[in-house]
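Here's the letter readout for the chains.
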Amino acid sequence: MKSIIRKCFYMATFILSAVSIHPASIDLSIAASLKEVVTELSNDFANMKPAVSFKRNTGAPGALATQIENGAPCDIFFSANADWADYLMKKKLADAGSISVLAFNELVFVGKSGLKVNGLNDVVTLKKIAIGSPKSVPAGEYAMEAFTKADLVGRLKYKLVMAKDVRECLMYAERGEVDGAFVYRTDAAIASRNVKILFIVPQRLYRRITYTMTLTGSGAGKKEAADFYRFMHSAHAKKVLVKYGFAVK
Amino acid sequence: MIPMSGFGPSDYSAMALSVKVALTATLLSLPFGFAVAYLMTFNKFRGKIVLDGIVNLPLTLPPVVIGYLLLLLLGRNGWIGRTLLQPLGIEVIFTWKAAVIATAVVGFPLMVRSIRIGMETIDRGLIQASRTLGAGRLDTVTTVILPLSLRGIIAGSVLMFARGLGEFGATIIVAGNIPGVTQTIPLAIYEYASSPGGDVMAMALCGISITLSGIVLIFHEWIGRRMDRAG
C-alpha cells in the first residue's frame, strides 16, 4: 500500500514538473511558398534545442500581415516580398532593424505538359489562368507586374482566378480546373506529375522575388526567436534553402 | 493600390453577381422544391426518410463539404464532369453556373421546409373535396394545393434568396474567385479582409451586405402581412 502511495507521489511530481518546465514557443508566420523549407529548418533548430518549440502559421504574406495587425501571435514574419514587412514596420509592429533578405525565387508558368504555351503572349489564348490574389499574395503581385509591363492586363481580364495563396494556385493547375497558373519555380518543383513548367517569366518584366525575414515586436524581445532568426542566416540554412530550389545570392 | 473609398467596377459587379446568382438559384429550385415538398407532405412511399435526409443534409453539412463534393463530381476529372459535361462541351467549374449550383444545393432545404410547412396547414378536407368533385391529381395540385401553399412558397423563396446572397463556403471552392465573373460580395469581402489596408473596403461591402439582407427581410415581413390581410 505504501509503495503505491509513493508511486503515486512520484508520478504526480513527475507530471507537475513536466508541466512546470515551459518550453519556449516561437510563433512563425510563413509565406506559403516557404512552408516546407522553414518547417525543415525549424525542426532542425528544435532538435538542437529541445526546449524550443514552434507554432507555424502559413498563408499569403498579405493575409499574415493582416493577422499580425489584428493581434495574431507572431515572432518572426517570413514574406515573399519586402512590402508587407515594411507595412508592419510603419504600423510599429515589426522591429525596424531586423528586416533582412533570406532568399530569391523566380516566377514560372505551369500547366499541362501538352499545352502549346511558350511565353506570356500565348497565355492570353487560354481560358482560365490562376494567380495569387495581388491584394495579399506576392506571387500574384509579381505576375500582375509582368502583365502590366507586357501590356496584357486588358486581354487577361475575366480570365484570372484569384487564389488565396500561391499553393492554392498550384493546386488549381494540378487539378486541371485552370489551364495554367503563375507560381514560383520552387512550387513547380513539388508539383504533381500532371503539370510542368511551360515557361519562365522573363526577369526584365518584374522585380526580383526577394524573400524577407523580420522580427516582430514580440519576437525582438524573445531570446529564442532571435537565436532562430540568426540560425536562418547560417551556412546550414543556406544549404537547405538551396536544396529546396531557392537562390541565396 | 486600394482606393480609400468608393467602389471600383469589380465591386459593383460583385454586388450585381450576388443578386443574379441568388435569384437564378432560387428560381431554378422553385419547381423542384415544390415537387419535393408535395411528395413529402401528401405521399407515403418507400425511402421517404432517405429522401428527407438527403434533402435536409445540406442544412447541417458544412458548406465547404458541399463545395468539395460538387467539385469532385463536376470538375474536369470528376464523375459527371468527365462523362457528361466535357463531351457536351459544358464548362461549369469556375464559372458563374457553378456558383448557382452551389447556392441552389445549400439553400434547397430551406425552401423545401417552408413550402412543406405551408402545405401542412392546408385543410385535407379541401383536397378530398376537390378529388370527390372529380378533379384529377394534377388539377388538385394546380387549383387547390398551389394557391393555398403560396405563402410557404414565397417565404421559402425569400429565405433561400437571402441564404444565397451570403453563400461563401461552397461557392469559393467550385466557382473560384474571378473578379467580374464569379466574385460575389462575400468573396470580395474575404479578399479585402485578408489584405492589409483592405478594411475600409471590407467594411463598405459589409454595409452593402447588411442593407441587402435588411431589404429582403422587410420584403418578407411585408408580403407576409399583405397575405394575412388577404387571407
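These numbers come from a predicted model, not from an experiment. (Residues numbered from 1 in each chain as written. Chains lettered and ligands numbered in written order. Predicted model: local features only at pLDDT ≥ 70, side-chain atom pairs only at ≥ 80, totals over all residues.)

## Here we look at the overall build of chain B
And step 1. When its secondary structure is counted, chain B shows 11 helices and 0 strands.
And step 2. Shown N-terminal to C-terminal, the secondary structure of chain B runs as helices and strands in the order α-α-α-α-α-α-α-α-α-α-α.
And step 3. In chain B, which comprises 231 residues, the share counted as buried stands at 40%.
And step 4. In chain B, the proportion of contacts linking residues at least 24 apart, taken out of those at least 6 apart, comes to 76%. (Helix = DSSP H or I, 4+ residues; strand = E, 2+ residues; numbered from the N terminus. Buried ≥ 20, exposed ≤ 12 C-beta atoms within 10 Å, placed from the backbone. Contact = placed C-beta atoms within 7 Å.)

## Section: the nonpolar core
And step 1. Counting 127 residues, the largest nonpolar core has A:Phe78, A:Leu107, A:Ala139, A:Cys169, A:Ala181, A:Val183 and B:Ala102 as its most contacted members.
And step 2. With 14 residues, helix 5 (residues 96–120) of chain B is the single largest residue contributor to this core.
And step 3. When residues of this core are assigned to domains, at least three map to each of domain 1 (19–104 + 210–243) and domain 2 (107–200) of chain A.
And step 4. Sequence-distant contacts of B:Ala102, defined by excluding residues within four places in its chain, comprise B:Ile66, B:Gly67, B:Leu70, B:Glu167, B:Ala170, B:Thr171, B:Val174 and B:Ala175. (Core = buried A, V, L, I, M, F, W, Y, C linked by C-beta atoms within 7 Å. Domains from an automatic or database assignment.)

## Some details on the sheet that holds strand 6 (residues 129–132) of chain A
Residue and element names in this part refer to chain A.
And step 1. Read from one edge of the open sheet, 5 strands run 7-6-8-5-9, paired in mixed fashion. Only two strands of the sheet have a single partner each, and these edge strands are strand 7 (160–163) and strand 9 (195–200). On average, each strand axis in the sheet is tilted by 35° relative to the strand beside it, whichever way the strands run.
And step 2. Pairing between strand 5 (residues 107–112) and strand 8 (residues 180–184): 5 bridges, direction antiparallel. Across the sheet, residue Val110 finds its bridge partner in strand 8, namely Ala181.
And step 3. Sheet strands touched by helix 8 (residues 166–175): strand 5, strand 6, strand 7, strand 8 and strand 9. Its angle to strand 8, the strand with the most contacts, is close to 145°. (Pairing = 2+ DSSP bridges. Axes fitted to C-alpha atoms, helices over the stretch in contact; angles between N-to-C directions.)

## A look at the packing of helix 1 (residues 9–42) of chain B against helix 8 (residues 150–165) of chain B
All names here are of chain B.
And step 1. Two elements in contact, helix 1 and helix 8, have axes separated by 8 Å at closest approach and are oriented at 140°. Between helix 1 and helix 8 lies a crossing of right-handed hand. Between helix 1 and helix 8, the contacting residues are Ser18, Val21, Ala22, Leu23, Ala25, Thr26, Ser29, Leu30, Gly33 and Phe34 on the first element and Ile153, Gly156, Ser157, Met160, Phe161, Gly164 and Leu165 on the second.
And step 2. Counted by class, the contact of helix 1 with helix 8 contains 10 nonpolar, 7 polar and no charged residues. (Left-handed = near helix turned anticlockwise from the far one by under 90°. Nonpolar A, V, L, I, M, F, W, Y, C, P; charged D, E, K, R; others polar.)

## Quick word on the interface of chain B and chain A
And step 1. Taken together, the 16 residues of chain B in the interface contact 21 residues of chain A.
And step 2. A class-by-class count of the residues in the side of chain B that touches chain A yields 6 nonpolar, 8 polar and 2 charged.

## So, the confidence of the model for chain B
And step 1. The predicted model of chain B has a mean per-residue pLDDT of 91, with 97% of residues at 70 or higher.
And step 2. Among the prediction metrics, the complex's ipTM stands at 0.77, with pTM recorded as 0.84. (pLDDT = per-residue confidence, 0-100.)

## Points about the sheet that holds strand 3 (residues 76–79) of chain A
Sheet strands pair by backbone hydrogen bonding; their relative direction is either parallel or antiparallel.
All names here are of chain A.
And step 1. Taken in spatial order, the 5 strands line up as 2-1-3-10-4 in an open sheet, and their pairing is mixed. Two strands lie at the open edges of the sheet, namely strand 2 (52–59) and strand 4 (100–105), each paired on one side alone. Direction aside, the axes of adjacent strands within the sheet are offset by 20° on average.
And step 2. Inspection of the sheet shows strand 1 (residues 24–31) paired to strand 3 by 3 bridges, in the parallel sense. In the strand pairing of strand 3, Leu28 is matched with Ile76.

## Some thoughts on the pairing of strand 8 of chain A
Residue and element names in this part refer to chain A.
And step 1. The buried fraction of strand 8 amounts to 5 of the 5 residues, a majority that puts the element mostly inside the structure.
And step 2. Pairing analysis gives 2 bridges linking strand 6 to strand 8, with the strands arranged parallel. For Ile129, the partnering residue across the bridge sits in strand 8 and is Gly180.

## Observations concerning the domain arrangement of chain A
Residues and elements named next belong to chain A.
And step 1. As far as domains go, chain A holds domain 1 (19–104 + 210–243) and domain 2 (107–200).
And step 2. Between the C-alpha centres of domain 1 and domain 2 the distance comes to 27 Å.
And step 3. Listed per partner, the contact involves 10 residues of domain 1 and 14 residues of domain 2.
And step 4. Per-element accounting of the side of domain 1 that touches domain 2 gives the leading share, 3 residues, to helix 3 (residues 61–69).

## Considering unusual backbone geometry
Residue and element names in this part refer to chain A.
And step 1. Of note, Lys92 is a non-glycine position whose phi angle comes to about 60°, a positive value.
And step 2. On the secondary structure map, Lys92 appears in the loop between helix 4 (83–90) and strand 4.
And step 3. Since 9 C-beta atoms lie within 10 Å of it, Lys92 is described here as exposed.
And step 4. The residue Tyr158 is not glycine, and still its phi comes out positive at about 70°.
And step 5. As for its position among the elements, Tyr158 is in the loop between helix 7 (153–156) and strand 7.

## Side note on the pairing of strand 2 of chain A
All names here are of chain A.
And step 1. Relative to strand 2, strand 1 runs parallel, the two sharing 8 bridges. Within strand 2, the position partnered with Ile26 by the bridge is Phe54.
And step 2. Handedness of the crossover joining strand 1 and strand 2 through helix 2 (residues 35–48): right-handed. (Right-handed = clockwise from strand over helix to strand, strands pointing away.)

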